[in-house]
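# Architecture at a glance
The lines below spell out each chain.
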Amino acid sequence: QVQLVESGGGLVQAGGSLRLSCAASGSILSINAMGWYRQAPGKQRELVASITSGGSTNYADSVKGRFTGSRDSAKNTVYLQMNSLKPEDTAVYYCYAHVLTRSPLRVLDYWGQGTQVTVSS
């Protein structure tokens with residue numbers, strides 16, 4: 001069993017910043033990719049940022065240059081620094097982790113509960 005706990009969402013004015021955190025815990029042998037998706041009302045969930053175990057990052061075009069993903073592998077934690085926020089960034093943000101679990105030995109994707117980010121104009 002693996003749990004992902006997110007924190008850091010909230011309400012911010014356009015142009016402001018927020019930092020999201022997500023810590024994974026439980027029966028973890030290793031984590032390959034960790035990252036963030038978001039889902040706005042009436043829209044499909046979309047990838048925002050992903051970070052591999054080697055530190056390679058991938059971003060949605062809409063957030064490049066404004067958002068920075070990072071991770072602390074020792075703490076099984078992933079972060080999303082969001083700068084120059086826009087109203088269209090308003091969404092529920094979900095972290096995920098691609099986990100190799102100890103017992104049973106298997107690979108699964110796990111998700112956080114979601115955290116609301118609201119950007120006012």
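The structure contained in this document is the topic of the report that follows. Please read these numbers as outputs of a predicted model, since none were measured by experiment. (Residues numbered from 1 in each chain as written. Predicted model: local features only at pLDDT ≥ 70, side-chain atom pairs only at ≥ 80, totals over all residues. Heavy atoms only, no water.)

Moving on, we get to the environment of Pro87. In this fold, Pro87 is placed in the loop between strand 8 (77-82) and strand 9 (91-101). Residue classification places Pro87 among the partly exposed positions, given a relative accessible area of 35%. Sequence separation of Pro87 and Leu18 is 69 residues, and the distance between their C-alpha atoms is 13 Å. Discounting chain neighbours no more than four positions away, the residues touching Pro87 are Ala14, Val119 and Ser121. (Helix = DSSP H or I, 4+ residues; strand = E, 2+ residues; numbered from the N terminus. Buried < 20%, exposed > 50% of the residue type's maximum accessible area, 1.4 Å probe, protein only. Contact = heavy atoms within 4.5 Å.)

Here we take up the pairing of strand 11 (residues 115-120). In strand 11, alternate side chains face the same way, and those of Thr115, Val117 and Val119 are buried while those of Gln116, Thr118 and Ser120 on the opposite face are not. Inspection of the sheet shows strand 2 (residues 10-13) paired to strand 11 by 4 bridges, in the parallel sense. Note that in strand 11 the partner of Gln13 across the bridge is Ser120. Relative to strand 11, strand 9 runs antiparallel, the two being bridged by 3 bridges. Along strand 11, the bridge assignment pairs Tyr93 with Thr115. (Pairing = 2+ DSSP bridges.)

Looking now at the packing of aromatic side chains. This model, assessed by the stated rule, comprises 3 aromatic pairs. Look at Tyr37 and Trp111: their rings are 5.2 Å apart centre to centre, the planes differ by 65°, and that puts the pair in the edge-to-face class. Highlighted residues: Tyr37 in strand 4 (residues 28-39) and Trp111 in strand 10 (residues 106-111), separated in sequence by 74 residues. Residue classification places Tyr37 among the partly exposed positions, given a relative accessible area of 24%. Accessibility expressed as a relative area gives 38% for Trp111, which makes it partly exposed. Centroid distance Tyr96 to Trp111: 5.7 Å. Interplanar angle 40°. Geometry classified as tilted. Of this pair, Tyr96 sits in strand 9 while Trp111 sits in strand 10; the two residues are 15 residues apart in sequence, bridging distant segments of the chain. With a relative accessible area of 11%, Tyr96 lands in the buried category. Counting every residue linked through ring pairs, the aromatic cluster contains Tyr37, Tyr96 and Trp111. (Phe/Tyr/Trp six-rings, centres within 6.5 Å; stacked < 30°, edge-to-face > 60°.)

For the rest of this paragraph, the subject is unusual backbone geometry. Between Ser103 and Pro104 the backbone carries a cis peptide bond, its omega angle lying at 0°. For Pro104, the location among the structural elements is in the loop between strand 9 and strand 10. In this model, Asn76 sits at a positive phi of 50°, which is unusual for a non-glycine residue. Here Asn76 is to be found in the loop between strand 7 (67-72) and strand 8.

Here we take up the side chain of Thr77. Mapped onto the elements, Thr77 comes out in strand 8. Residue classification places Thr77 among the buried positions, given a relative accessible area of 8%. Of the polar contacts made by the side chain of Thr77, one reaches the backbone oxygen of Lys75; its length is 2.9 Å. Here Thr77 is in contact with Cys22, Ala23, Met34, Ser70, Arg71 and Asp72, once residues within four sequence places are set aside. (Polar contact = N/O pair within 3.5 Å; in protein donor to acceptor, adjacent residues only side chain to side chain.)

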